[in-house]
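Geometric and topological summary
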Amino acid sequence: MTAEVTMRAVDVIRAKRDGQVLADDQIDWLIAGYTDGTVAEEQMSALAMAILFNGMCQQEISRWTEAMIASGERIRLPAETLRGRPAVDKHSTGGVGDKITLPLAPLVASCGAVVPQLAGRGLGHTGGTLDKLAAIPGWRSALTGPELLRQLDEVGAVICAATGDLAPADRKLYALRDVTATVESIPLIASSIMSKKIAEGTDGLVLDVKVGSGAFLKSVDQARELARTMVALGAEHGLRTVALLTDMDTPLGQTAGNALEVRESVEVLAGGGPADVVELTLALAREMLAIGGITGIDPAERLRDGSAMDCWRRMIRAQGGDPDAPLPAAVETHVVRASTAGTLTRLDAYPVGLAAWILGAGRARREDPVQAAAGVETHVRPGLPVRPGTPLFTLHSDTPERFDQAATVLREAVTIEPTGVPVERPPLVIERVSA
Ligand code: URA
């Protein structure tokens, strides 16, 4: 008798509901059945909730990850594409204003690595890398396998959409988790991210695990557990993995929104840009180079001498984009000003991300379009003095009727206290986790 006949989804759900450890063959059967439709959405939904409440041990997480990798193809980058260069990648767990992939991929490629970034679109208050790049006129995210390899060979960096064959079980499960309030489970986040990254076939991976109000995980303890789980999964699969826990209480940089974030990324590539975006880009670049065994190259120098910018321009052109074309501008802008005097002591990431989403930068459903030009520009940072009338934010949107709602949300983002109140800020890079 085959496993298909002897197993029932309801027994697997009941086992996890009652806190039992799932057996390897139960996990294999369940993921294969969910991918081919034998296991129904409502059954997987119940199981995801049971996992959220009762967790999974490392053996279950490991097997779950393997089963998701096995649900699709596993890419192997050919030696003639790599030409002796290490393939390294970075993945962020998602945050507000997190445009780091845009300057990082060409920067690391300009230092001699190959960077195959298979990225996603945004959902909810965190933006997606593909949505940001799609603001560049002509740029396309869908590449064929041969196009991807040619670009890696010639340019060294590619940021494109993952093909439908890469961990298809995760694609289905992530969409289900998103609508069933089961995203915030450490075993499910770890297996989701690592199944895609292991299937992608890189030699090394640097994880940017976000912590704070604008991240999925709000506490350092939770973020550390997620980082350790992912680093262990990488080690098991021969993928050298390092994680940085980074602050996401305050948005990264001064922009949240697609075209706005491209503009800020180009400023970084031109040797300028906000200090926190530069700091995190360089910290992640140094980890990627170290993990790829590239020594003696200072990525800050590659920003200064223009080689990272050259690589960016070639990367954008290779995907049909025009790096010199003006970026889309919003139909209208609106400035939100301070009404009291004092020192800005807190700028909360979550309302900023939410406001950008309300203005049209994000989508509520997968099929929704996004506005390329919509978003929020922030003019203040914690520690700065403000007085009545000081510009706090500029809102950009093609649907100005949403300004009021976004402005109301943004009032919650700022805390202004009497001057002299100490402003405490965690370091941008909080902790490093390695095997
Ligand atoms: N990013 C992913 O790819 N998966 C998750 O579960 C969360 C963030």
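Throughout, residues of each chain are indexed from 1 in the direction in which the sequence is written. In view of the model being predicted, local features appear only for residues whose pLDDT reaches at least 70, and side-chain atom pairs are presented and counted only at 80 or more, with totals across whole chains, interfaces and linings using the full set of residues. Neither water nor hydrogens contribute to the side-chain values; these are computed over all heavy atoms in the structure.

A closer look at the packing of helix α5 (residues 58–70) against helix α11 (residues 186–199)
- Throughout, an axis means a line fitted to C-alpha atoms (over the contacting stretch in the case of helices), and angles, computed between N-to-C directions, take values from 0 to 180 degrees. What counts as a helix is a DSSP run of H or I of at least four residues, what counts as a strand is a run of E of at least two, and both are numbered from the N terminus. Where α5 contacts α11, the two axes come as close as 9 Å, and the packing angle between them is 45 degrees. Here α11 runs oblique to α5, going by the angle between their axes. Crossing handedness for the pair α5 and α11: right-handed. Of the residues in α11, those touching α5 at I61, W64, T65, M68 and I69 are P187, L188, S191, S192, M194, S195, I198 and A199.
- Each residue gets one of three labels, nonpolar for Ala, Val, Leu, Ile, Met, Phe, Trp, Tyr, Cys and Pro, charged for Asp, Glu, Lys and Arg, and polar for the others, Gly among them. In the contact of α5 with α11, the residues fall into 9 nonpolar, 4 polar and no charged. In this scheme, roughly parallel covers angles under 35 degrees and roughly antiparallel covers those over 145, while 65 to 115 is roughly perpendicular and the rest are oblique. Each crossing is labelled by how the near helix is turned from the far one, with a counterclockwise turn of less than a right angle marking it left-handed and a clockwise turn marking it right-handed. Between two residues, a contact is recorded if the distance between any of their heavy atoms is within 4.5 Å.

Notes on the sheet that holds strand β10 (residues 385–386)
- Strand order in the open sheet made by the 3 strands is β10-β8-β12, with antiparallel pairing throughout. A strand with exactly one partner marks an edge of an open sheet, and here the two such strands are β10 and β12 (414–417).
- As defined by bridge partners, strand β8 (residues 342–347) adjoins β12 across 4 bridges and the pair is classed as antiparallel. Along β12, the bridge assignment pairs L347 with V414. Two strands pair under a simple rule: DSSP has to find at least two bridges between them.

Overview of the site of the ligand
- Definition of nearness: a residue and a molecule or strand are near each other if at least one heavy atom of the residue lies within 4 Å of the molecule or strand. Every residue lining the ligand is accounted for by Y174, R177, I189, S192, I193, K196 and F216.
- Within the contact set of the ligand, a nitrogen atom lies 2.7 Å away from a side-chain nitrogen or oxygen of S192.
- We call two N or O atoms a polar contact when they sit within 3.5 Å, provided that within protein one can donate a hydrogen and the other can accept it, with sequence-adjacent residues counted only if both atoms are side-chain atoms. The contact in question runs from an oxygen atom of the ligand to an N or O atom on the side chain of K196, over 2.5 Å.
- Note on areas: these come from Shrake-Rupley sampling with a 1.4 Å probe, and a residue is covered only by the protein chains present in the view. Coverage of the ligand by the protein chains reaches 92% of its 230 Å² of free accessible surface.

Regarding the packing of helix α4 (residues 41–54) against helix α10 (residues 168–179)
- Where α4 meets α10, the axes come as close as 10 Å, and the angle between the chain directions of the two elements is 70 degrees. By the angle between their directions, the pair α4 and α10 is classed as roughly perpendicular. Across the interface between the two elements, E41, M44 and S45 from α4 touch K172, L173 and L176 from α10.
- Grouping the amino acids of the contact of α4 with α10 by side-chain chemistry returns 3 nonpolar, 1 polar and 2 charged.

Considering the environment of A308
- Its place among the elements puts A308 in helix α16 (residues 307–318).
- For the pair A308 and A67, spaced 241 residues apart in sequence, the C-alpha separation works out to 38 Å.
- For A308, the residues in contact, after removing those within four places along its chain, are P106, L107, S110, L269, R302 and L303.

Digging into the domain arrangement of the protein chain
- As used throughout, domain bounds are those supplied by an automatic or database domain assignment. Along its sequence, the protein chain is carved into domain 1 (9–55), domain 2 (79–162 + 182–325) and domain 3 (332–417).
- Listed by partner, the interface residues are 5 residues for domain 1 and 5 residues for domain 2.
- Note: buried area is the sum, over both parts, of the accessible area (probe 1.4 Å) each one loses when the two are combined. Summing the contributions of domain 1 and of domain 2, the shared interface buries around 390 Å²; its carbon and sulfur component is 88%.
- Taken as a group, A48, I51 and L52 account for 80% of the area that domain 1 buries against domain 2, more than any other trio of residues on that side.
- For this document, the term salt bridge refers to a Lys or Arg side-chain nitrogen within 4 Å of an Asp or Glu carboxyl oxygen. Counting the contacts that link domain 1 with domain 2 gives 0 salt bridges.
- Connecting domain 1 to domain 2 are 0 residue pairs in polar contact (both at pLDDT 80 or more).
- Looking at the side of domain 1 that touches domain 2 residue by residue, the classes come out as 4 nonpolar, 1 polar and no charged.

Some words on the pairing of β8
- Only protein chains enter the calculation, and the probe is 1.4 Å; a residue is then buried if its accessible area is under 20% of its type maximum, exposed if over 50%, and partly exposed in between. Of all 6 residues making up β8, 5 are buried, and the element is well covered by its neighbours.
- Two strands pair when backbone bridges link them, and β8 and β10 are joined in this way by 2 bridges, in the antiparallel orientation. From the neighbouring strand, G342 faces β10, where its bridge partner is V386.

Remarks on unusual backbone geometry
- Not every positive phi belongs to a glycine, and R83 is a case in point at roughly 45 degrees.
- Not every positive phi belongs to a glycine, and A181 is a case in point at roughly 55 degrees.
- Assignment of secondary structure puts A181 in the loop between α10 and α11.
- Relative accessible area serves as the criterion here: at 54%, A181 is assigned to the exposed category.

Description of the packing of aromatic side chains
- Between rings of Phe, Tyr and Trp, where Trp is taken as its six-membered ring, a pair exists when centres lie within 6.5 Å; planes separated by under 30 degrees are stacked, by over 60 edge-to-face, and by other angles tilted. For the coordinates displayed, the defined rule picks out 0 aromatic pairs.
- Think of it as a cone above the ring: NZ of Lys or CZ of Arg counts as a charge over the ring if it is within 6 Å of the ring centre and within 35 degrees of the ring normal. One Lys or Arg, K172, reaches over the ring of Y34 and ends 4.5 Å from the middle of that ring.
- Its guanidinium or amino end placed over the ring of Y174, K196 lies 5.8 Å from that ring's centre, counting from NZ or CZ.

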